[in-house]
Amino acid sequence: PGGAELAAACGFRWLASDEGVLWASLPERERRREQLYRPWVLSTSAGEIALLFRDHELSDRIGFVYQRWDPEQAAADFVQRVQRAGREHPGPVPPVVTVILDGENCWEGYADDGAAFLESLYQKLESAPEIRMRIPSEAVSAPGNAGRLERLHSGSWIDADFHIWIGH
């Protein structure tokens, strides 16, 4: 059985990966940016499991880019990018913009472990009425937005394959 089937059998309700895995899971004709900004559901023999795919660029900006920026400017840039995703998203259901860090401890690269950036980011997100922050379980249970995946590509969120893990 695949990883998603094992997770469903163990009672997991949702999994997350990188957008590259989503693009490799979808038929080429369906690979449009708006497809990223929604939860997905995969049926397995152990039951259904919800899937979220992170916005690679937004996530990597926090992990690797913003640590070199002024905290206020970095937070403003992030919020503007989320707002743009909302404006450009077609349809009546608001987009789910998933941001997940890669597992590295990026905060070591920020001044004061990222405190000024995070403070500014949370203030800006809180004051943006069109942005609603949710935890993954809320995002995957929101009605009307989930797509159905016929298959889930096997791969990590580093280049949507396993090359980084081969031989380790």
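Residues numbered from 1 in each chain as written. Predicted model: local features only at pLDDT ≥ 70, side-chain atom pairs only at ≥ 80, totals over all residues. Heavy atoms only, no water.

A.B. asks: Would you take a moment to explain the confidence of the model for the protein for this structure?
C.D. replies: When pLDDT drops low, the exact placement of atoms in the prediction is not to be read closely. Taken over all residues, the pLDDT of the protein has a mean of 92, while the share at 70 or more is 99%. Here helix α7 (residues 136-141) is the element of the protein with the lowest mean pLDDT, 93, and helix α6 (residues 115-126) is the one with the highest, 98. (pLDDT = per-residue confidence, 0-100. Helix = DSSP H or I, 4+ residues; strand = E, 2+ residues; numbered from the N terminus.)

A.B. asks: What is the right way to look at the environment of I62 in this model?
C.D. replies: Mapped onto the fold, I62 is located in helix α4 (residues 56-65). Assessed through its relative accessible area of 6%, I62 is described here as buried. Sequence separation of I62 and L152 is 90 residues, and the distance between their C-alpha atoms is 27 Å. Residues within four places of I62 in sequence aside, it is in contact with F78, V99, L101, C106, W107, Y110 and F117. (Buried < 20%, exposed > 50% of the residue type's maximum accessible area, 1.4 Å probe, protein only. Contact = heavy atoms within 4.5 Å.)

A.B. asks: Explanation requested: the environment of D70 in the structure shown.
C.D. replies: Of note, D70 is situated in the loop between α4 and α5 (71-88). With a relative accessible area of 39%, D70 lands in the partly exposed category. In this structure the C-alpha to C-alpha distance between D70 and A111, which are 41 residues apart in sequence, comes to 9.9 Å. Reaching out from D70, the side chain makes a polar contact with the backbone nitrogen of E72 at a distance of 3.1 Å. (Polar contact = N/O pair within 3.5 Å; in protein donor to acceptor, adjacent residues only side chain to side chain.)

A.B. asks: Would you mind going over α5 with me for this structure?
C.D. replies: Along an α-helix, residues three or four apart share an orientation, since each turn contains 3.6 residues. The terminal C-alpha atoms of α5 lie 26 Å apart, and with 18 residues this matches the ideal 26 Å at 1.5 Å per residue to within 8%. Three or more residues of α5 are buried, namely A74, A75, D77, F78, V79, R81, V82 and A85. Elements that come into contact with the buried residues of α5 comprise α4 and α6. (Expected span 1.5 Å × (residues − 1).)

A.B. asks: I'm lost on the pattern of salt bridges in this one. Help?
C.D. replies: For the structure shown, the criterion picks out twelve salt bridges. Note that D18 is salt-bridged to R54, the shortest N-O span being 2.9 Å. Here D18, found in strand β1 (residues 14-18), pairs with R54, found in strand β3 (residues 47-54); they are 36 residues apart in sequence, far enough to count as distant. The same class applies to D18 and to R54, which are both buried. In this structure, K124 engages E72 in a salt bridge whose closest nitrogen and oxygen atoms are separated by 2.9 Å. (Salt bridge = Lys/Arg side-chain N within 4 Å of Asp/Glu carboxyl O.)

A.B. asks: Mind showing me how you'd approach the packing of α5 against α6 here?
C.D. replies: Packing of α5 against α6 leaves a shortest axis separation of 8 Å and a crossing angle of 40°. Taken together, the axes of α5 and α6 are oblique relative to one another. Judged by the twist between their axes, the crossing of α5 over α6 is right-handed. On α6, the residues that touch P71, E72, A74, A75, A76, F78 and V79 of α5 are A116, F117, S120, L121, K124 and L125. Looking at the contact of α5 with α6 residue by residue, the classes come out as ten nonpolar, one polar and two charged. (Axes fitted to C-alpha atoms, helices over the stretch in contact; angles between N-to-C directions. Parallel < 35°, antiparallel > 145°, perpendicular 65-115°, else oblique. Left-handed = near helix turned anticlockwise from the far one by under 90°. Nonpolar A, V, L, I, M, F, W, Y, C, P; charged D, E, K, R; others polar.)

A.B. asks: Mind showing me how you'd approach the nonpolar core here?
C.D. replies: Soluble globular proteins: nonpolar side chains tend toward being buried together. Among the nonpolar cores identified, the biggest contains 17 residues, and L22, W40, F53 and L149 are the most heavily contacted of them. Elements that contribute at least two residues to this core include exactly α1 (3-9), α2 (19-25), β2 (40-44) and β3. Discounting residues that sit within four places of it in the chain, L22 has contacts with Q35, L36, W40, F53 and L149. If you look at the next biggest cluster of nonpolar residues, it comprises 15 residues, including A74, A75, C106 and L121. (Core = buried A, V, L, I, M, F, W, Y, C linked by side-chain atoms within 4.5 Å.)

A.B. asks: Even after reading the chapter, I still don't get a nonpolar patch on the surface, so can you show me in this structure?
C.D. replies: A contiguous nonpolar patch, built from F162, I164, W165 and I166 and spanning about 440 Å² of accessible area, is present on the exposed surface. By secondary structure assignment, the location of I164 is in the segment after β4 (147-149). For I164, a relative accessible area of 37% gives the class partly exposed. (Patch = residues over 30% accessible without salt bridge, like charges linked within 9 Å, V, L, I, M, F, W, Y side chains within 5 Å. Areas by Shrake-Rupley, 256 points an atom, 1.4 Å probe, with all protein chains shown as cover.)

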